[in-house]
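Structural overview
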Amino acid sequence: MAAVLDSVRAFFAPTTFAIDAENPSDVVARENLLDRVMGPDRRKKSSEKIRRNRVPAEGLALVARDRDGHVIGSVRLWNIEAGVNDEGTPIDALLLGPLAVAPHLGGKGIGSALMRAAILEAKKRGHGAVLLVGDAAYYERFGFFAEKARHLVMPGPFERSRFLALELTEGWLDGAAGMIVPSGRMLAGAPLRRAA
């Protein structure tokens, strides 16, 4: 009964939170949050292949903190090449994900606030486009649509209808076609792949 009452109180209580830059002391809390929200198979997703052993894009790892400073939400963006343009030049872009909010705080606007902050910061830093794999009904409110990603593919299985893009600079993804590949910095000490 106490758990039910706590859930009801959490639902009706105003949620005070702040969006902040992720810092090294947030790693354990962020990973625990992602495990709870995304489940044990989260590391098997195609997006994870792009993120593996990489560092998020500069200034684009954000967390939501409650009034006590605990991590209650997270979003990160990653440097990628979104295929190539008509001249064969790689197109720099960002891959967003994962976006996660503590389950007991869903529907409080925390995810939306994280998304808006991430998009604004990406634009301020001069990035031209953001791609993601997610629920179109949720992400369309932020300007993400499948149309601009229609000639791009992920490395591994993905649902075409969930592969979405947002141009921060109009026309950035015009003619974009090909495979999404990581282009961001490697984690220190990450294993290097050797050619066969």
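Just above sits the structure.
For clarity, every value in this text was computed on a predicted model and none was experimentally measured. (Residues numbered from 1 in each chain as written. Predicted model: local features only at pLDDT ≥ 70, side-chain atom pairs only at ≥ 80, totals over all residues. Heavy atoms only, no water.)

Examining the overall build of the protein chain
Rules: Strands here mean DSSP runs of E at least two residues long; helices mean DSSP runs of H or I at least four residues long; both are numbered from the N terminus. Here the term buried applies to any residue with accessible area under 20% of the maximum for its type, exposed to any over 50%, and partly exposed to those in between, with areas from a 1.4 Å probe on protein chains only. Contacts are residue-level and defined by heavy atoms, with any inter-residue pair within 4.5 Å sufficient. Each accessible area is a Shrake-Rupley result for a 1.4 Å probe, and residues are judged covered by the shown protein chains and nothing else.
The secondary structure content of the protein chain amounts to five helices and nine strands. Seen in sequence order, the protein chain has helices and strands lined up from the N terminus as α-β-α-α-β-β-β-β-α-β-α-β-β-β. Per-residue burial for the protein chain yields a buried fraction of 39% across its 196 residues. Sequence-distant contacts in the protein chain: of pairs separated by 6 or more residues, those separated by 24 or more amount to 70%. Here the protein chain displays about 10900 Å² of accessible surface, and carbon together with sulfur accounts for 55% of that area.

A few points about the nonpolar core
Heads up, the condition is: As used in this record, nonpolar core signifies buried Ala, Val, Leu, Ile, Met, Phe, Trp, Tyr and Cys residues forming a set joined through side-chain atoms within 4.5 Å.
Counting residues in hydrophobic clusters, the biggest one holds 33 residues, and the most contacted among them are Met115, Tyr139 and Phe144. Looking at which element gives the most residues to this core, the answer is helix H4 (residues 110–124), with six residues. Judged by nonpolar contacts, the second largest core, of 17 residues, contains Trp78, Ala93, Leu131 and Ala165.

With respect to H4
Our working rule: By this rule the span expected of a helix is its residue count minus one, scaled by 1.5 Å.
With 15 residues, H4 ought to run about 21 Å at 1.5 Å a step, and its terminal C-alpha atoms sit 21 Å apart, in line with that. Those residues of H4 that fall on the buried side of the exposure criterion are Ile110, Gly111, Ser112, Leu114, Met115, Ala118, Ile119 and Ala122. In the stretch just after H4, Gly126 is the one whose phi turns positive, near 85 degrees.

A short note on a nonpolar patch on the surface
The test is simple: In this analysis, a patch consists of residues with relative accessible area above 30% that form no salt bridge, clustered at 9 Å for like charges and at 5 Å for the nonpolar side chains Val, Leu, Ile, Met, Phe, Trp and Tyr. For salt bridges, the criterion is a side-chain nitrogen of Lys or Arg within 4 Å of an Asp or Glu carboxyl oxygen.
A cluster of nonpolar side chains, namely Val153, Met179 and Val181, defines an oily patch on the protein surface of about 190 Å² accessible area. With respect to the secondary-structure elements, Val153 resides in strand E7 (residues 152–153).

Structural notes on the layout of surface pockets
The gaps of empty space that remain are located by a probe, the size of a water molecule, rolled over the atoms. The following threshold applies: Space inside and on the surface of the protein is sampled on a 1 Å grid over the protein atoms alone, with a cavity defined as a set of points where a 1.4 Å probe fits but cannot get out and a pocket as an open set with protein on both sides within 12 Å along at least 5 of 7 lines; lining residues have an atom within 4 Å of a point. Grid points are joined across faces, edges and corners, and a volume is the space filled by probe spheres set on the points. Throughout, the ten residues Ala, Val, Leu, Ile, Met, Phe, Trp, Tyr, Cys and Pro are labelled nonpolar, Asp, Glu, Lys and Arg are labelled charged, and all others, Gly among them, are labelled polar.
If you add up the space inside the largest pocket, you get close to 540 Å³. In terms of lining residues, the largest pocket is bounded by 23 residues, among which Met38, Lys45, Val133, Gly134 and Arg162 are the most central. A total of four residues in the lining of the largest pocket trace back to one element, the largest contributor, which is helix H3 (residues 46–51). Its residues placed into classes, the lining of the largest pocket shows 11 nonpolar, five polar and seven charged. Taken as a whole, the second largest pocket encloses approximately 380 Å³ of empty space.

Quick notes on empty space enclosed by the protein
With the rule as written, the count across this model stands at one cavity of 30 Å³ or more. Together, Ile50, Arg54, Val55, Trp78, Asn79 and Gly184 line the largest cavity. Looking at the lining of the largest cavity residue by residue, the class counts come to three nonpolar, two polar and one charged.

Structural notes on the environment of Leu105
When you line up the elements, Leu105 lands in the loop between strand E5 (100–101) and H4. The spacing of Leu105 and Ile72 is 33 residues in sequence and 7.9 Å in space, taken between C-alpha atoms. Residues contacting Leu105, with those up to four places away along its chain left out, are Thr15, Ile72 and Ile110.

Some points on helix H2 (residues 27–38)
Between the first and last C-alpha of H2 there are 16 Å, a value that for 12 residues agrees with the 16 Å anticipated at 1.5 Å per step. In this structure, the buried side of H2 is in contact with strand E3 (71–84) and E5. Directly after H2, the chain includes Gly39, whose backbone phi takes a positive value near 85 degrees.

With respect to the pairing of strand E6 (residues 129–133)
What counts is decided by this rule: Two strands qualify as a pair provided that DSSP identifies no fewer than 2 bridges between them.
Burial analysis of E6 places four of its five residues in the buried class, which makes it a mostly covered element. Taken together, the two bridges between strand E4 (residues 90–96) and E6 define a ladder with parallel strand orientation. Across the sheet, Leu94 pairs through a bridge with Val130, a residue of E6. As judged from the five bridges shared by E6 and strand E8 (residues 163–167), these two strands associate in the antiparallel manner. By the bridge assignment, Leu131 is partnered in E8 with Ala165.

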